[in-house]
Amino acid sequence: MSFLLSLKKTISKLVETLSTDPESTIQSQLPVVKLLAEVFDFVLRFDDAKMTNPAIQNDFSYYRRILNRIKLSNQAAAGVSVNDELANCMSLFFAYPTPMMNSVIKTTSNLLLQNDH
């Protein structure tokens, strides 16, 4: 989930940078446009990997069920690296067919809505 938080911050900074000066051209902001293209490349590759492996959501659900069984049987969960809150966030994240692009869209929409007010 740290990738997602980093992605949201990066997208916000890039969109803000590109939209601060309406008089500027793409040529004058080429390094920023290149970074934005690289972010989109990562987003599309991530989403492609998720879509080509649709079982990942089922595998994660199985993992969560096993964790719950461990907790209910009072066994020590010392090796558990994902707490319930993070597991819930991950499950909601992977529920979308293209989770990273969905995050980019939401982040950009929220940023544009904030700038309108």
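Before reading on, note that the structure itself is shown above.
Residues numbered from 1 in each chain as written. Predicted model: local features only at pLDDT ≥ 70, side-chain atom pairs only at ≥ 80, totals over all residues. Heavy atoms only, no water.

Student: Before we move on, could you go through the side chain of Gln29 and cite the residues and values that matter?
Tutor: Position of Gln29 among the secondary structure elements: in the loop between α1 (2-19) and α2 (30-51). Setting aside its immediate chain neighbours within four residues, Gln29 contacts Thr17, Leu18 and Ser24. (Helix = DSSP H or I, 4+ residues; strand = E, 2+ residues; numbered from the N terminus. Contact = heavy atoms within 4.5 Å.)

Student: Explain the packing of aromatic side chains to me, using residue names and the numbers behind them.
Tutor: Within the structure shown, the criterion is met by 4 aromatic pairs. Chaining the aromatic ring pairs together yields one cluster made of Phe42, Phe46, Phe93 and Phe94. (Phe/Tyr/Trp six-rings, centres within 6.5 Å; stacked < 30°, edge-to-face > 60°.)

Student: Describe in detail the pattern of salt bridges, supporting the description with residues and values.
Tutor: Under the definition given, this model contains 2 salt bridges. Its salt-bridge partner being Glu38, residue Lys34 comes within 2.5 Å of it at the nearest N-O pair. In this pair, Lys34 and Glu38 are both assigned in helix α2, 4 residues apart and thus about one turn of the helix distant. Arg45 is the partner of Asp41 in a salt bridge, and the nearest nitrogen-oxygen pair spans 3.1 Å. Within this pair, Asp41 and its partner Arg45 are both found in helix α2, separated by 4 residues, close to a single helical turn. Here Asp41 falls in the partly exposed class, since its relative accessible area comes to 38%. When its relative accessible area of 58% is taken as the criterion, Arg45 is described as exposed. (Salt bridge = Lys/Arg side-chain N within 4 Å of Asp/Glu carboxyl O. Buried < 20%, exposed > 50% of the residue type's maximum accessible area, 1.4 Å probe, protein only.)

Student: An account of the environment of Pro99 is needed here, citing residue identities and associated values.
Tutor: Tracing the chain through its elements places Pro99 in helix α5 (residues 99-116). Each C-alpha atom, one on Pro99 and one on Asp47, is 6.5 Å from the other, the two residues being 52 residues apart in sequence. Once you skip the residues sitting within four places of it in the chain, Pro99 turns out to touch Phe46, Asp47, Lys50 and Phe93.

Student: Residue-level account of the environment of Ser2, with values.
Tutor: Along the chain, the position of Ser2 falls in helix α1. Owing to a relative accessible area of 55%, Ser2 belongs among the exposed residues under this scheme. With 103 residues separating them in the primary sequence, Ser2 and Ile105 have C-alpha atoms 18 Å apart.

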